[in-house]
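# Reading the structure
For reference, the chains in residue letters:
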Amino acid sequence: MKVLNIGSMNLDYVYQVDHIVEPGETESSYDMNIFLGGKGINQSMALAKAGAAVYHGGMVGEDGQPFLDACAEYGVDATYIRKIEGKTGHAIIQLDKNAQNCILLYGGANQKLTKEYVDEVLAQFEAGDVLLLQNEVNLLPYIVEQAYAKGMQVALNPSPFNEKLLEVDLNKISIFLLNEVEGGQITGMTDPDEVLEKMREMFPHAKIVLTLGKDGAKYAEGENVFFQPVFKVQAVDTTAAGDTFTGYFLAGLIDGMEIPDILKMSAKASSIAVTRNGAVQSIPLRAEVMEALKEL
Ligand code: RIB
């Protein structure tokens, strides 16, 4: 079984601020860094750092070489990443003193996928292979249709949630990895337990991973529900915490690990990621996560 992630690559321009700027306000930042990020590549890196073999697909612009270098460094197969004319996607991130952030996206090359490109990449995969997706590239409905028609298992992290997701046939998703806000947007519910219940009702054959921020994470499949609390740490940057969880969770699933162990490993990995700045670079290696779990 092969794993393909068709997803975004963003240069993250991270501004350290006292508070997230208000409408009409001008605020000075006190530090600025450029990190490699994008929900797509963050999740591929988390998969690879967790030990899974993963192919990443997607597009970068002329300034996108650092992503190819990072793939080579961390063992993400970059065969299907295309470098095209124009700019790589980017994100403007304000990071406040409580480690909370807000993110403004510029799609760039992430929004330039073509049907021909998607067909060409999917042709290298077959029934039973896993396709991971987020909502930062164009053509999502088409990609889901084509992958499902081939018999691939489609895992979706519906993030960021926007109207484009309404065009995706969510009945074709085998694994949802989402937070309570996204779950609320899909189900119309607000209480996390009701969100999970409604997701199970709407998608009875799907595996559902619902992350709840400081309240941990829940997993549901059929009648089985598991809960994992968070590991409390002093966070400095929560960017990519969810991506770390997603990549680690999928890696554990592919490994055939027991769900409670996967949840624990994923929660530990994201608790380590939030103690570091940046996205790709903040994601810990599996050995470090396992070592930290031993210390408990
Ligand atoms: O999930 C975090 C990511 O969201 C950042 O790396 C940013 O690029 C946006 O895609």
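The notes below deal with the structure included here. Model, not experiment: these values are computed from the prediction.

What follows deals with the sheet that holds strand 7 (residues 101-106). Read across the open sheet, the four strands follow the order 3-2-6-7; overall the sheet is mixed. Where the open sheet ends on each side, the last strands, each with one partner, are strand 3 (31-37) and strand 7. The mean angle between the axes of side-by-side strands here comes to 20°, regardless of whether they run parallel or antiparallel. Sheet contacts for helix 2 (residues 65-74): strand 2 (10-16) and strand 3; angle to strand 3, the most-contacted strand, approximately 60°.

Pairs of packed helices are described in terms of their axes, by the angle between the two and the distance that separates them. Direction vectors running N to C along helix 5 (residues 180-187) and helix 6 (residues 192-202) enclose 55°, while the axes themselves pass 9 Å from each other. It follows that helix 5 is oblique to helix 6 by the angle criterion. The way helix 5 lies across helix 6 gives a crossing that is left-handed. For the pair formed by helix 5 and helix 6, the contact residues are Glu180, Gly183, Gly184, Ile186 and Thr187 on the first element and Pro192, Val195, Lys198, Met199 and Met202 on the second.

With that out of the way, let us pick up the sheet that holds strand 12 (residues 217-221). Here nine strands make up an open sheet; going across it, the order is 5-4-1-8-9-10-11-12-13 and the pairing mixed. Both outer strands of the open sheet, strand 5 (76-83) and strand 13 (224-228), are each paired with one neighbouring strand and no more. The average undirected angle you get between the axes of adjacent strands in this sheet is 15°. Relative to strand 10 (residues 175-179), strand 9 (residues 153-156) is paired through two bridges, and the arrangement is parallel. Residue pairing for strand 10: alanine 155 is matched across the bridge by isoleucine 175. Of the strands in this sheet, strand 10, strand 11 (207-211), strand 12 and strand 13 are in contact with helix 6, which crosses strand 11 at around 165°.

Glancing now at the environment of tyrosine 80. Relative to the helices and strands, tyrosine 80 is located in strand 5. Once the C-alpha coordinates of tyrosine 80 and aspartate 255 are considered, the two residues, 175 residues apart in sequence, prove to be 24 Å apart. If we skip the residues at most four places from it in the chain, tyrosine 80 touches Leu4, Tyr55, His56, Gly57, Gly58, Tyr117, Val121, Gln124 and Phe125.

What counts, and where the lines are drawn
- Residues numbered from 1 in each chain as written.
- Predicted model: local features only at pLDDT ≥ 70, side-chain atom pairs only at ≥ 80, totals over all residues.
- Heavy atoms only, no water.
- Pairing = 2+ DSSP bridges.
- Helix = DSSP H or I, 4+ residues; strand = E, 2+ residues; numbered from the N terminus.
- Axes fitted to C-alpha atoms, helices over the stretch in contact; angles between N-to-C directions.
- Contact = heavy atoms within 4.5 Å.
- Parallel < 35°, antiparallel > 145°, perpendicular 65-115°, else oblique.
- Left-handed = near helix turned anticlockwise from the far one by under 90°.

By themselves, these figures tell us nothing about what the structure is for.
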